[in-house]
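Architecture at a glance
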Amino acid sequence: MKPMMKNALALAVNLAIFSSVAQAQSEETTPSKSAELETITVTAQKRVQNIQEVPISIATLSGQEFDSLFASGQDIMSIALHVPGLYAESSNGRAAPRFYIRGLGNVDFDLAASQPVSIIMDEVVQENVVLKSFPLFDVQQVEVLRGPQGTLFGRNTTAGIIKFDTVKPTESFEGYAKLGYGSYNTLNFEGAVGGELATNLSGRISVLSQNRDDWIDNGYTGEDDAFGGYHENAWRAQLLYRPSDDFSALLNLHGRDLDGTASVFHANVFDTGSNDLNNNYDRDKVYYDGGDNNPQSYEGFGGSLKLDWSLDTFSITSITAFESAEGSSRGDIDGGVYTTDTSINVPEGIDYDIYLADTDFDGTPDTPVLTFPGTITVSSVTEDMADVSQFTQEIRFASLTKGPFQWQFGAFYFDSDLDVETDSYASYGFLGNPAQNTIINQENTTWAIFGQGSYDLTEDFNLTLGVRYTDDEKSFHVKQYGQLMVDLGTTSIDPIDVSDDNISWELSGTYTLNNDAILYGRVASGFRAQSIQARDVAFQLEPSVADSETILSYELGYKADLLDKRLRLNTGVFYYTVDDLQLSAIGGASNSNQLLNADKGEGYGFEVDLEFLVTENLLLTAGYSLNKTEIQDADLATAPCGSGLCTVTDPLNADGLAIIDGNPFQSAPETTFNATLRYGYPVANGEVFIYTDYVYQGETNMALYESKEFRTDGQFELGLRVGYENYDHNYTIALFGRNITDEDNVKGFIDFSNNTGFVNDPAIWGIEGKIMFF
């Protein structure tokens, strides 16, 4: 189905829902004065504030949105596109998400990759990509802060942050249990219970279990339901000690255990000259001769202790935390079959090729090989293991007075250690030699001091100034040389030590138009520390280093509660430049993973967030973003696809490299759109409700270079939830559907061996029940 027809169908579904809802409430009167949107409080500036008063572009997710998004057992990436300007993808299954805000992100799949979008869980930064994937459950609210947040949240926030706050213990007994069942034997349980344990001491325990059976067949081995499933369990235990109104101590311990399937790659699903999925693509079947059905397993454990003191005129907050994770992922990266047994019967309708290849690496292509689907130029199986730990300490002081001047200042310390182990022979597709693996180590130490002051110049105008000094050090060395390196005589990779410091700052002003509307302006800088990429060490290449990138961002915005607080409209325009933009050149003819610095990157656009309480029972929300980005470096070039099967539209230099000057940022959707509708029809003891959500992803160039094959446009997903909520007995039962039109949306590609692609989850239908007790 063509993108235009798909979107027309989705629009028709939404219109049909809206029409039926409109008819159902046609006799209702205009909402009374008491019917208004709920006030949303955020901690974007490490203070509790009304979202409408904060001079930052912020969007939130909670409540009904979470119930719908995670009913089918989705992971953290499911929040993507449900906030304007926010995108996420991964080629590492459920273990290493990559986030983008306003077009700025990093496509690097390596377990040591740095990101310009920071994930904050219960006020603790999750720096490593594996730590960023901790499951979401018992969540109070998600805040997405768009634009640089370097002053209060530090380095590696040049794009913004995503801040998750979980439900905290209370003295009152309360809890809930939620159980859902859906397609592919998807079974999910989430629950929490908490309350007073002793005088001044309360606690809360939260648990999650997400499960799905394997459902993808391996057509090469003949194994049905070989992979695609997962089993994810996670927990959180919290103790809150509050002996007085002036002091509290919150202890948070949490863990996870994931056993599932890494990303599933489909070989040659794009014909040369087209980005449409072709006849080689089958969501339910692949043809793998390696990868052991792409297993993935990770365990994680962490904890934090937050201490709060309230003195006469100021407060003191200390947060001490540690996080750790360990696990591995293995995958058939070429996504197909590469074999010297040319007598194998290729399945009917599947493209194949037979050609002479240099299988013994002596420089002479003299061995016949059979590949399918399509032509596969390199056999590739990858296995990587990570062992990461981090320690953080933050202390801050904040004013408690009610005068025109408010202030806060503090210090931050971060220390991490990461081992990445790579099976070199598996990655080259060699068989029968488990060999000694390559192990590299990276250490990172950062410290910072920061401060922010806010002053009411008049009753209507507030000015905020913040500054942060950061010192960052990184080191790299090879802990163990793999057998492949030993065989080829590469056992002398020099250690690397890099360091940098930076002063980030922000200046914002807020002008109050009236009690329900503000105008704001913000200028902010940010700092993404230097990066070391050492994955290529296992394959006889030197590690690469990228210099620090810095961003300067300008933003103007308007926030208003209109129509007696039934309509909330938040909008902003932005422009930013990034100096020494960090990029990752992955795959291509060199089949490598190298860091680059572009001279400059530029981005501009706008966002709109809208909520409209049409009646007491009908709520509509919508969001739109435009994100125009451009790489600016006349001399920067990168290797195009290694298979020779893609159609590069960039000019090539004398070395055959694609010149990427003027290209958009990689995997940066130019536009995004999201909308939800919730209608509740009152019945005895409760209501019957319908909730639907829609997300749209505009044109996206997935590679650094531009080609006809590796770009997407017009992809969307539609969700639905219909149920009954009983107010007297505090339970809900609902039917749900995710990706209800079963869209095959391309999420990424691999270009060094063939035109490989990977896609989103299929349609999931199910039923869910929830009961709350207090």
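Notes on the structure in this doc start here.

Procedures and definitions
- Residues numbered from 1 in each chain as written.
- Predicted model: local features only at pLDDT ≥ 70, side-chain atom pairs only at ≥ 80, totals over all residues.
- Heavy atoms only, no water.
- Helix = DSSP H or I, 4+ residues; strand = E, 2+ residues; numbered from the N terminus.
- Rg over C-alpha atoms; globule rule 2.2 N^0.38 Å.
- Buried < 20%, exposed > 50% of the residue type's maximum accessible area, 1.4 Å probe, protein only.
- Contact = heavy atoms within 4.5 Å.
- Areas by Shrake-Rupley, 256 points an atom, 1.4 Å probe, with all protein chains shown as cover.
- Lys, Arg positive; Asp, Glu negative; His and termini not counted.
- Charge placed at Lys NZ, Arg CZ, Asp CG, Glu CD.
- Patch = residues over 30% accessible without salt bridge, like charges linked within 9 Å, V, L, I, M, F, W, Y side chains within 5 Å.
- Salt bridge = Lys/Arg side-chain N within 4 Å of Asp/Glu carboxyl O.
- Pairing = 2+ DSSP bridges.
- Disulfide = S-S within 2.5 Å.
- Polar contact = N/O pair within 3.5 Å; in protein donor to acceptor, adjacent residues only side chain to side chain.
- Phe/Tyr/Trp six-rings, centres within 6.5 Å; stacked < 30°, edge-to-face > 60°.
- Axes fitted to C-alpha atoms, helices over the stretch in contact; angles between N-to-C directions.

Another point: the overall build of the chain. Along the chain, the regular secondary structure elements total five helices and 45 strands. Over its C-alpha trace the chain gives a radius of gyration of 26 Å, about what one expects of a compact globule, namely 28 Å for 774 residues. Relative to its 774 residues, the chain shows a buried fraction of 59%. Across the chain, contacts joining residues at least 24 apart in sequence account for 68% of those joining residues at least 6 apart. Accessible surface, the chain: about 30100 Å² in total, of which carbon and sulfur atoms supply 54%. Computed over 44 positive and 113 negative side-chain charges, the inter-centroid distance for the chain is 8 Å.

Attention now moves to a negative patch on the surface. A cluster of acidic side chains, namely Asp547, Asp579, Asp580, Asp599, Glu630, Asp635 and Asp661, defines a negative patch on the protein surface. Topologically, Asp599 is positioned in strand β33 (residues 592–615).

What follows covers the sheet that holds strand β13 (residues 216–218). Strand order in the open sheet formed by three strands is β14-β13-β17, and the pairing between neighbours is mixed. Lying at the two open borders of the sheet, with one neighbouring strand each, are β14 (223–227) and β17 (285–286).

In this section: the pattern of salt bridges. Evaluated as defined, the whole model comprises 39 salt bridges. Between Arg98 and Glu89 there is a salt bridge, and its shortest N-O distance comes to 2.7 Å. The residue Arg155 makes a salt bridge to Glu127 at a minimum N-O spacing of 3.6 Å. Of this pair, Arg155 sits in the loop between α3 (150–153) and β9 (160–166) while Glu127 sits in the loop between β7 (124–126) and β8 (139–146), and the two are 28 residues apart along the sequence. Accessibility classification places Arg155 together with Glu127 in one group, the buried group. Several salt bridges converge on common partners, so that one network encompasses Lys46, Glu123, Lys306, Asp308, Glu394 and Arg396.

Of note, Gly290 is situated in the loop between β17 and β18 (295–310). Every residue in contact with Gly290, bar those within four places of it in the chain, is listed here: Asp332 and Val381.

In this section: the state of the cysteines. Applying the stated criterion across every chain yields a total of one disulfide. Note on cysteine connectivity: Cys641 is disulfide-linked to Cys646, with sulfurs 2.0 Å apart. With the S-S bond torsion at -95 degrees, the cross-link from Cys641 to Cys646 turns out left-handed. An identical accessibility class is assigned to Cys641 and Cys646; each is buried.

Let us look at the side chain of Asn674. Within the fold, Asn674 resides in strand β37 (residues 671–683). Given a relative accessible area of 7%, Asn674 falls into the buried group. Among the polar contacts made by the side chain of Asn674, one reaches the main-chain carbonyl oxygen of His82 at a distance of 3.5 Å. Leave out the neighbours within four places in its chain, and Asn674 touches Leu81, His82, Val83, Pro84, Thr621, Ala622, Gly623, Tyr694 and Val695.

Using the criterion set out here, one finds 26 aromatic pairs in the structure. Where Tyr220 meets Phe372, the ring centres are 6.5 Å apart and the plane angle is 55 degrees; that geometry is what we call tilted. With Tyr220 in the loop between β13 and β14 and Phe372 in strand β22 (residues 367–372), this pair connects stretches of sequence that are 152 residues apart. For Tyr220, a relative accessible area of 30% translates into the label partly exposed.

Spatial strand order, β3-β8-β9-β6-β7: five strands in an open sheet with mixed pairing. In this open sheet, the two strands that pair with only one neighbour each are β3 (57–61) and β7. Each neighbouring strand pair of the sheet contributes to a mean axis angle of 25 degrees, computed without reference to strand direction. Bridging between strand β6 (residues 117–121) and β9 involves five bridges; their strand directions are parallel. By the bridge assignment, Ile119 is partnered in β9 with Ile162.

Quick look at the side chain of Ser531 now. Mapped onto the secondary structure, Ser531 falls in strand β29 (residues 531–533). Engagement of the side chain of Ser531 in a polar contact is seen with the side chain of Ser114, the distance being 2.9 Å. Reaching out from Ser531, the side chain makes a polar contact with the side chain of Gln582 at a distance of 2.8 Å. Leave out the neighbours within four places in its chain, and Ser531 touches Ser114, Ser544, Val545, Ala546, Gln582 and Leu595.

Alignment of strand β10 (residues 174–182) against strand β11 (residues 186–198), held across nine bridges, turns out to be antiparallel. Residue pairing across strands places Lys178 opposite Glu190, the latter belonging to β11. Remark: three residues form the turn of the hairpin made by β10 and β11, two consecutive strands paired antiparallel; Tyr184 in that turn has positive phi of roughly 60 degrees.

With that settled, the discussion passes to unusual backbone geometry. Note that the residue after Phe372, namely Pro373, is joined by a cis bond; omega there is -5 degrees. By secondary structure assignment, the location of Pro373 is in the loop between β22 and β23 (381–399). Here Asp742, not a glycine, exhibits a phi torsion of approximately 55 degrees, which is positive. Structurally, the position occupied by Asp742 is in the loop between β42 (731–738) and β43 (746–750). Look at Asp742 and you get partly exposed, because its relative accessible area is 37%.

Position of Leu131 among the secondary structure elements: in the loop between β7 and β8. Residues Leu131 and Gly302, 171 residues apart in the sequence, show an inter-C-alpha distance of 9.7 Å. Apart from the residues lying within four places of it in its own chain, the contact partners of Leu131 are Gln126, Glu323, Ser324, Ala325, Val388 and Gln390.

With 15 bridges joining them, strand β16 (residues 247–261) and β18 adopt antiparallel strand pairing. Residue Leu250 lies in a different strand from β18, and its bridge partner there is Lys306. Direction of pairing for β18 relative to strand β19 (residues 314–332): antiparallel, over a ladder of 15 bridges. Looking across to β19, one finds that Gly303 is bridged to Phe322. Between β18 and β19, which pair antiparallel in sequence order, lie three residues.

What follows is about the environment of Asp742. Spatially, the C-alpha atoms of Asp742 and Asp282 are 13 Å apart, while their sequence positions differ by 460 residues. Other than its neighbours up to four places away in sequence, Asp742 contacts Arg283, Pro762 and Ala763. A distance of 3.0 Å separates a polar atom in the side chain of Asp742 from the backbone nitrogen of Ala763.

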